[in-house]
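Topology and contacts: notes
Letter by letter, the chains look like this.
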Amino acid sequence: MAYDKYPYIKAYLDGPKSLDKIQRDVGKPEKGYEVHHIVEQTAAASEGYSREDIDTPDNLVRISTLKHWEITGCI
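What counts and how
- Residue indices begin from 1 for each chain and proceed along its sequence in written order.
- Per-residue local features are limited, in this predicted model, to residues with pLDDT of at least 70; the limit for side-chain atom pairs, both in listing and counting, is 80 or more; totals at the level of whole chains, interfaces and linings are taken over all residues.
- To get the side-chain values, all heavy atoms of the structure are used, and hydrogens and water are removed first.
- Each helix is a run of H or I in the DSSP string that is no shorter than four residues. Each strand is a run of E no shorter than two, and both are numbered from the N terminus.
- Relative accessibility under 20% of the residue-type maximum defines a buried residue, over 50% an exposed one, and the middle range a partly exposed one, all with a 1.4 Å probe and only protein chains included.
- Any two residues whose heavy atoms approach within 4.5 Å are treated as being in contact.
- Here the accessible surface of atoms and residues is derived via Shrake-Rupley with a 1.4 Å probe, and residues count as covered only by protein chains that are part of the display.
- We call Phe, Tyr and Trp rings a pair once their centres come within 6.5 Å, taking the six-membered ring for Trp, and we label the pair stacked below 30 degrees between planes, edge-to-face above 60, and tilted otherwise.
- Consider the ring centre and the ring normal. A charge sits over the ring if Lys NZ or Arg CZ is within 6 Å of that centre and within 35 degrees of that normal.
- Within this scheme a cavity is a closed region of a 1 Å grid, computed over the protein atoms alone, that accommodates a 1.4 Å probe without allowing it to escape, whereas a pocket is open but has protein on both sides within 12 Å along at least five of seven lines; lining residues each have an atom within 4 Å of a point.
- Grid points are joined across faces, edges and corners, and a volume is the space filled by probe spheres set on the points.
- In this count, Pro and Cys sit with the nonpolar residues alongside Ala, Val, Leu, Ile, Met, Phe, Trp and Tyr, while Asp, Glu, Lys and Arg are called charged and the others, Gly among them, polar.

Scanning the chain for helices and strands turns up 5 helices and 2 strands. Reading the chain from its N end, one meets helices and strands in the order α-α-β-α-α-β-α. With respect to the principal axes defined by its C-alpha atoms, the chain has extents near 45 × 25 × 20 Å. Within the chain, the fraction of its 75 residues that count as buried is 23%. Considering only contacts within the chain whose residues lie at least 6 apart along the sequence, 66% involve residues at least 24 apart. Here the chain displays about 5,500 Å² of accessible surface, and carbon together with sulfur accounts for 59% of that area.

As structure tokens, then:
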């Protein structure tokens, strides 16, 4: 059971990475990581940004799933 959680724990404990690195990693799915929008989607949409602008590669990063949950208030 704990073995299944290892990728999430490992990803959470990974050291800092450059913005360039986490943007490049968006296209490389890996257990323990999720894609995060730098500029929050709802706020951007309410300001009139198109879906294409919101999902541009410059606005996407791959981060730890657990950190993503912390940022978005899921935990």
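Further remarks concern the packing of aromatic side chains. A complete count under the given rule lists 0 aromatic pairs for this structure. Across from the ring centre of Tyr 12, 5.4 Å away, lies the NZ or CZ of Lys 67, which sits over that ring.

So, about the layout of surface pockets. Its boundaries defined by the atoms lining it, the largest pocket holds a volume of some 200 Å³. Top contributing element to the lining of the largest pocket by residue count: strand β2 (residues 60-64), with 3 residues. Residues belonging to the lining of the largest pocket are distributed by class as follows: 5 nonpolar, 2 polar and 5 charged.

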